[in-house]
Amino acid sequence: MNAGARPPAPFVVGVGRSGTTLLRLMLDAHPELTIPPETHFVPELLEACRERARSPEQLTEIVTSARQWGDFGLDRDELASRFRKAEPLDAGNALRAFYALYAERIGKPRWGDKTPIYVESMAEIQGDLPEARFVHLIRDGRDVALSRMRRALAEPPPVWRIAENWKRRIEAARRDGGQLPHYLEVRYEDLVRGTEPTLRRVCEFIDLEFDAAMLDYHVNAEHRL
């Protein structure tokens, strides 16, 4: 199947504490789309496929050794079997095998991802997964700083450092996003104040018909978290 025939796969990215979990739950509430818990293994898998010979067993180890593996509720042997059936076994097909297996478990035809740190890996992901479409959620940096400080388990970093990190990542994402064919910025404040029109905009971007179930995301939020 060529890239143009595959449905777009939304990747929700952004600086931490910017509302990406909220958007994930809203998208996941759509009857045709599921967004798994954060993956984090994708950059390592991409690197493994580019830099050395890879086998189904090697890729399976990368995915299942990730700290988040238990969150997906998948069977290791079944994942390895999907990797063995992938032809060719490149990074794109390996990722599709993982996400498709997860989507099948949830009972939905389409999948995406929500891992904020992938804001730094958009170009690499796009190169191996042409159907990826990046939704960059941006929240007021002052609120991001307050949220981070409230959640800090130890002494939080100084506000100036949080602000510097926020600015650096936003600027880098905009620079990288400008080179991508599919990049959309969404403001967190718009998502919470004008939820439906903002979700409709996101749905249009990922070629997904808006469904009112997305507005009732809270019904299953505890289970999906």
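Look up: the structure comes first, before these words.
Keep in mind that this is a model prediction, so the values were computed, not measured.

Student: Help me understand the pattern of salt bridges in this model?
Tutor: Pairing of side chains with opposite charge becomes possible as their charged atoms draw close. All told, the structure shown has 15 salt bridges when counted by the stated rule. The partner of Glu38 in a salt bridge is Lys114, and the shortest N-O contact between them spans 2.6 Å. Placement of Glu38 in the loop between strand E2 (33–34) and helix H2 (42–51) and of Lys114 in strand E4 (residues 113–114) is noted, with a sequence separation of 76 residues between them. On the basis of relative accessibility, which here comes to 25%, the residue Glu38 falls in the partly exposed class. A salt bridge links Arg82 to Glu78; the nearest nitrogen and oxygen atoms lie 2.7 Å apart. One end of the pair, Arg82, and the other, Glu78, are both in helix H4 (residues 76–85), four residues apart, so they sit about a helical turn from each other. Three or more residues joined by partner-sharing salt bridges are found here, namely Glu78, Arg82 and Glu104.

Student: Looking at this structure, I do not really get the sheet that holds strand E1 (residues 9–13). What am I missing?
Tutor: Strands sit in the order E4-E1-E5-E6 across an open sheet of four strands; the sheet is parallel. Two strands bound the open sheet, and with one partner strand each, they are E4 and strand E6 (183–187). With five bridges connecting them, E1 and strand E5 (residues 132–138) associate as parallel partners. Residue Val13 lies in a different strand from E5, and its bridge partner there is His136. Sheet strands in contact with helix H1 (residues 20–28) are E1, E4 and E5, and its direction is about 155 degrees off that of E1. Where helix H10 (residues 195–205) meets the sheet, it contacts E5 and E6, and its direction lies at approximately 170 degrees from that of E6.

Here is what the cut-offs are and how they apply
- Residues numbered from 1 in each chain as written.
- Predicted model: local features only at pLDDT ≥ 70, side-chain atom pairs only at ≥ 80, totals over all residues.
- Heavy atoms only, no water.
- Salt bridge = Lys/Arg side-chain N within 4 Å of Asp/Glu carboxyl O.
- Helix = DSSP H or I, 4+ residues; strand = E, 2+ residues; numbered from the N terminus.
- Buried < 20%, exposed > 50% of the residue type's maximum accessible area, 1.4 Å probe, protein only.
- Pairing = 2+ DSSP bridges.
- Contact = heavy atoms within 4.5 Å.
- Axes fitted to C-alpha atoms, helices over the stretch in contact; angles between N-to-C directions.

Geometry only, nothing functional implied.
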